[in-house]
Amino acid sequence: MTRLFSLSLIATLVLSLLGCGGEQQDELVIYSGRSKALVDPLLEQYEGEVNVEVRYGSDAELLAALQEEGDQSPADVFWANTTGALGNAVNNDLLTELPDELMEQSARFAPTNQRWLPVTTRFRVLAYNSDTVSPEDLPDSVLDLPEHEEFEGRIGWTPAYSSFQDFVTALRVTEGEETARTWLTDMQALNPNSYSSNTPMIQALDAGEIDVGLTNHYYVLRLRYGDAKVDDEGSIDPEASVATHPFQEEDIGNLALVTGAGVLQTSDQSEAAREFLRFLMSDEAQSFAAETLNEYPLRPGAEVPEYMMPVDEALALSPDFDFERLQEMDPTLDLLRDVGAL
Amino acid sequence: MTGARVLDTIRDRWYVVIPVAVVVGGVLIPLVYLLLRAFQADPATLWDLVVRGRTLRLLGNTVGLTVGVLVGTSVLALPLAWLTTRTALLGRRLLTLLGVLPLAVPGYVMAYALMATTGEYGTLAQTLGLVVPRLSGYVGAWIALSLSTFPYLFLNLRTAFLGLDPSLEESAQALGRGRWRVFVQVVLPQLRPAFLSGGLLVALHVLGDFGVVSLMRYDTFSYALYIQYAASYDRIYAACLALMLLVLTGAILLLEARLLKGLLFHRTESGAGRTAAQYRLGPWRWAGYAFAAGVAGLSVLLPAGTVGYWMADSTASGLPWASLGAALWDSVSASAPAAVLAALLALPVAYLGVRHPSNWTRVVERVAYLGYATPPLAFALALIVFSLGAVPFAYQTLGLLVMAYALHFMAEAVGPVRSALYQAPPHLEEAARSLGRSPLGAFVSVTFPLVRRGLLVSMAFVFLSAMKELPLTFLLAPIGFETLALNTWSYAEEAMFGQAAPYALTIMFVSALFVGVLLLRERATEHPASAERA
């Protein structure tokens, strides 16, 4: 018995060390910073047609891996959550230029270097606990938030999280370094709770640990409407007492944050990779993003569920901003470190 | 030593030389990688980044949390180890299993569970009307980490209790010492190697923890390091922070080595070894049951119950059986071989350290711990560079992942084997050799059976850790490989707790099963051994 046990263990060991490795020639390898939890159902549909393998990870992990892999990378597509990660990939010359025909499908936020394709967008919002806060008491501009001393110790933010840092970069670029520094210092004076990411912050908001939090719109929608997909808001019973407060039109607090994808220089299947990008802009993929992820589709004319703010309205709220400048991360990080938020 | 003699030694002792070379190489690769990356840094920026008040605060926080968790785990582990080995309490085997299971709970799940229980809107407030502040900061991290890491200490202490030579205690008692003084003056000092190796694992775990401290919002080194990688996509400064963390680890290892020096706990007299008698607790047994139930309730039932609640609360229809099955197979097919490999690598390393103590064998043993303290993300990046450069065919294969798990978690395997070796008398092996056995033969027939229990514990540790591992799996697994842990984390990170729950429960269930089987094997090894001794 013992011998059998040991033998089988050793056999497993040897077999696994020999490994079942080796990439098949014809498969499309996607490095996805978008989490499996979000995009797996969509990719399963696509896998029916094409042989696809996906490596999931965070944007940063995958970027680091791509750089260490260099020329030997098996990846064909980099699909990222943030403009910052895509910009970083462009700076490191990881992505190839995309044809006009593809870029035209998503003109709204397209980068001039044509190295990646915008796929969906999300918006920064102020989330609040609807049991303890009334929306009339909330500011019209994110710049006025530090004046609300009643929220001392009751504000949440995510200084280590990419979407918050993108917001600070935009603040710095549009309003100037000094305004950004003052805003951060004044916010610090309110003794905000720093969360590692948006999910625990929204949980804390729902649990009454804080009253307001700076976050992205879809976290609130997902917590509020959960898995219940209902067409008509009137019939939805919100699952959580968390709501969003948009600031006034063109306020930097309503910044749009774009997700996107690009084809890697190392790809040996660039046509299949571009085909995948086309799929991401298809009706099927764009309505999946709207209905399941509660993100805003970038394909012109795509619809969103009723409980979401209509696309045009949401886009009008967001300020006009040259978001290629979101790549300028280093001064933002320095600023956050200077004021003691990081 | 001449070259020829070195070659001879290598040929004769290949079974020691090869594993030791693998271990040292596996730890040096990441270290060299980090040094290479760190030297790419711009010195001025680096200086500003490293020398600032925050670094000092991080250091203070990290050390403070480590010390706190060491105390917390001792308070939990020592009584539990004593209760399950030296008393006649019923259900000791079940208690032992429950004392190991917290290792099957991912740290972030423990943190979420504690946070969901406390606070104005927490379960405690809603069911019992008991409002305690929502856990966070130092206290939150301290409680969560103590609850999830005490098994490292518990199992080490348990192995030590089982291997204690009762004759010392009996002599002390015969000389008129009371039970309590015998425990403090005779038993406790003998537990020192177990305390040190268990405590070392706890300390290193706290140093490297990200899941708990990030959710509890407590700034430590590893949290800062993660932010560096994630926020600025910057491998270079992150490498510098990782090196600082390794220096801190080095200091702890030196301290442990100093405390361990000159210890010798095997039996020296002739005659047969026995297991110590078990105390009957009388009415005190209820206190024992209450303590054990309290610990198990907080560390196992609370997180398992919370995950169960997520699942019941979810509106998702049915369980994703196909995906669960695939993820389970992927998890086990990487974790089980890694557990065996790590134990096999740890045996010669620990053997050298205990039987041939010299400066360089001690260095080899410590080096194994450095691998554990290297941040997994850096470890994974180093292995990408190494495997693509040296063995490109192995990149993104299961074999590389198994190797990475084994090398990274080997430190967990060294401790239990080392504790067991300290208690295995060397003269038995010498006797076997004088009767004509080869060194390897003598070891296999005499010492191996005595350290088998330690090896089983080693395998359990590595298996449980590998089942929860994230960064190594993300970066080194074959493409499309999906472990239970990857799924749990992915869904929980997006606040889809209902979908995360089945994967988290499967991790716990399979881990419980695996540990249960190991404990049964332990029982099987106990009986023939006592028969031989009689």
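### Regarding the packing of helix H2 (residues 14–38) of chain B against helix H16 (residues 321–355) of chain B
Two quantities define a packed helix pair, namely the angle between the helix axes and the distance between the axes.
Residues and elements named next belong to chain B.
And then number 1: Here H2 crosses H16 at 105°, and the two axes come no closer than 9 Å. With respect to each other, H2 and H16 are oriented roughly perpendicular. Only Leu 344, Leu 345, Pro 348, Val 349 and Leu 352 of H16 make contact with H2, whose side of the interface consists of Tyr 15, Val 16, Pro 19, Val 20, Val 22 and Val 23.
And then number 2: Partitioned by chemical class, the residues of the contact of H2 with H16 number 11 nonpolar, no polar and no charged.

### Here's the deal with the pairing of strand E7 (residues 212–216) of chain A
All names here are of chain A.
And then number 1: E7 sits mainly inside the fold: 5 of its 5 residues count as buried.
And then number 2: Because side chains alternate across E7, one face comprises the buried residues Val 212, Leu 214 and Asn 216, and the other comprises Gly 213 and Thr 215, equally buried.
And then number 3: By the bridge criterion, 5 bridges tie strand E4 (residues 117–129) to E7 in an arrangement that is antiparallel. Residue pairing in the sheet places Arg 124 in a bridge with Asn 216 of E7.
And then number 4: Bridge analysis of strand E5 (residues 155–157) against E7 gives 2 bridges, and the strand direction is parallel. Its bridge partner being in E7, Ile 155 is matched across the sheet by Val 212.

### Quick word on helix H11 (residues 192–208) of chain B
And then number 1: Between its first and last C-alpha atoms H11(B) spans 24 Å; for 17 residues at 1.5 Å apiece the expected length is 24 Å, and the two agree.
And then number 2: In terms of residue burial, H11(B) counts as a mostly covered element, since 15 of its 17 residues are buried.

### Remarks on the interface of chain A and chain B
And then number 1: Of the residues lining the interface, 54 residues belong to chain A; the matching set on chain B comes to 48 residues.
And then number 2: The biggest single contributor to the side of chain A that touches chain B is helix H3 (residues 59–69) of chain A, with 7 residues.
And then number 3: Taken together, the residues of the side of chain A that touches chain B sort by class into 27 nonpolar, 17 polar and 10 charged.

### A few points about the domain arrangement of chain A
Residue and element names in this part refer to chain A.
And then number 1: When cut into domains, chain A gives domain 1 (27–121 + 256–309) and domain 2 (123–255 + 323–338).
And then number 2: Relative placement of domain 1 and domain 2: their C-alpha centres are 26 Å apart.
And then number 3: Taken together, the contact between domain 1 and domain 2 spans 19 residues of the former and 21 residues of the latter.
And then number 4: Going through the elements one at a time, helix H4 (83–91) and strand E9 (256–263) are the ones with two or more residues in the side of domain 1 that touches domain 2.
And then number 5: Ranked by residues supplied to the side of domain 1 that touches domain 2, first place goes to H4 with 5 residues.

### Overview of H2(B)
And then number 1: With 25 residues, H2(B) should cover 36 Å at 1.5 Å per step; its first-to-last C-alpha distance of 35 Å lies within 8% of that length.
And then number 2: Where H2(B) is concerned, the buried positions are Val16(B), Pro19(B), Val20(B), Val23(B), Gly26(B), Val27(B), Ile29(B), Pro30(B), Tyr33(B), Leu34(B) and Arg37(B).

### As for the packing of helix H20 (residues 426–434) of chain B against helix H21 (residues 439–468) of chain B
Residues and elements named next belong to chain B.
And then number 1: For the pair H20 and H21, interaxial distance at closest approach is 9 Å and the crossing angle is 130°. The orientation of H20 relative to H21 falls into the category oblique. Handedness of the crossing formed by H20 with H21: right-handed. Residues Leu 428, Glu 429, Ala 432 and Arg 433 of H20 touch H21, and the partners they reach there are Pro 439, Ala 442, Phe 443, Ser 445, Val 446 and Thr 447.
And then number 2: By residue class, the composition of the contact of H20 with H21 is 6 nonpolar, 2 polar and 2 charged.

### Regarding the nonpolar core
And then number 1: In terms of nonpolar packing, the biggest core is built from 274 residues, with Val77(A), Phe78(A), Ala342(B), Ala346(B), Ala406(B), Met410(B) and Val462(B) touching the most fellow members.
And then number 2: Summarising the domain contributions, this core has at least three residues from each of domain 1 (27–121 + 256–309) and domain 2 (123–255 + 323–338) of chain A.
And then number 3: Contacts of Phe78(A), omitting those with residues within four sequence positions, involve Tyr31(A), Leu62(A), Leu66(A), Ala89(A), Leu94(A), Leu95(A), Ala261(A), Gly262(A) and Leu264(A).

### Some points on the pairing of strand E8 (residues 242–245) of chain A
Residues and elements named next belong to chain A.
And then number 1: Judged by which residues are buried, E8 turns out to be one-sided: Val 242 and Thr 244 face inward and are buried, whereas Ala 243 and His 245, on the alternate face, are not.
And then number 2: As judged from the 4 bridges shared by E4 and E8, these two strands associate in the antiparallel manner. Within E8, the residue paired with Asn 129 across the bridge is Val 242.

### Observations regarding unusual backbone geometry
And then number 1: With a phi close to 65°, Glu250(A) is a non-glycine residue in the positive phi region.
And then number 2: Even without glycine at this site, Arg217(B) takes up a positive phi of about 60°.
And then number 3: Along the chain, the position of Arg217(B) falls in the loop between helix H12 (211–216) and helix H13 (221–232).
And then number 4: The class for Arg217(B) is buried, based on 20 C-beta atoms found within 10 Å.

Cut-offs used in this document
- Residues numbered from 1 in each chain as written.
- Chains lettered and ligands numbered in written order.
- Predicted model: local features only at pLDDT ≥ 70, side-chain atom pairs only at ≥ 80, totals over all residues.
- Axes fitted to C-alpha atoms, helices over the stretch in contact; angles between N-to-C directions.
- Helix = DSSP H or I, 4+ residues; strand = E, 2+ residues; numbered from the N terminus.
- Parallel < 35°, antiparallel > 145°, perpendicular 65-115°, else oblique.
- Contact = placed C-beta atoms within 7 Å.
- Nonpolar A, V, L, I, M, F, W, Y, C, P; charged D, E, K, R; others polar.
- Buried ≥ 20, exposed ≤ 12 C-beta atoms within 10 Å, placed from the backbone.
- Pairing = 2+ DSSP bridges.
- Expected span 1.5 Å × (residues − 1).
- Domains from an automatic or database assignment.
- Left-handed = near helix turned anticlockwise from the far one by under 90°.
- Core = buried A, V, L, I, M, F, W, Y, C linked by C-beta atoms within 7 Å.

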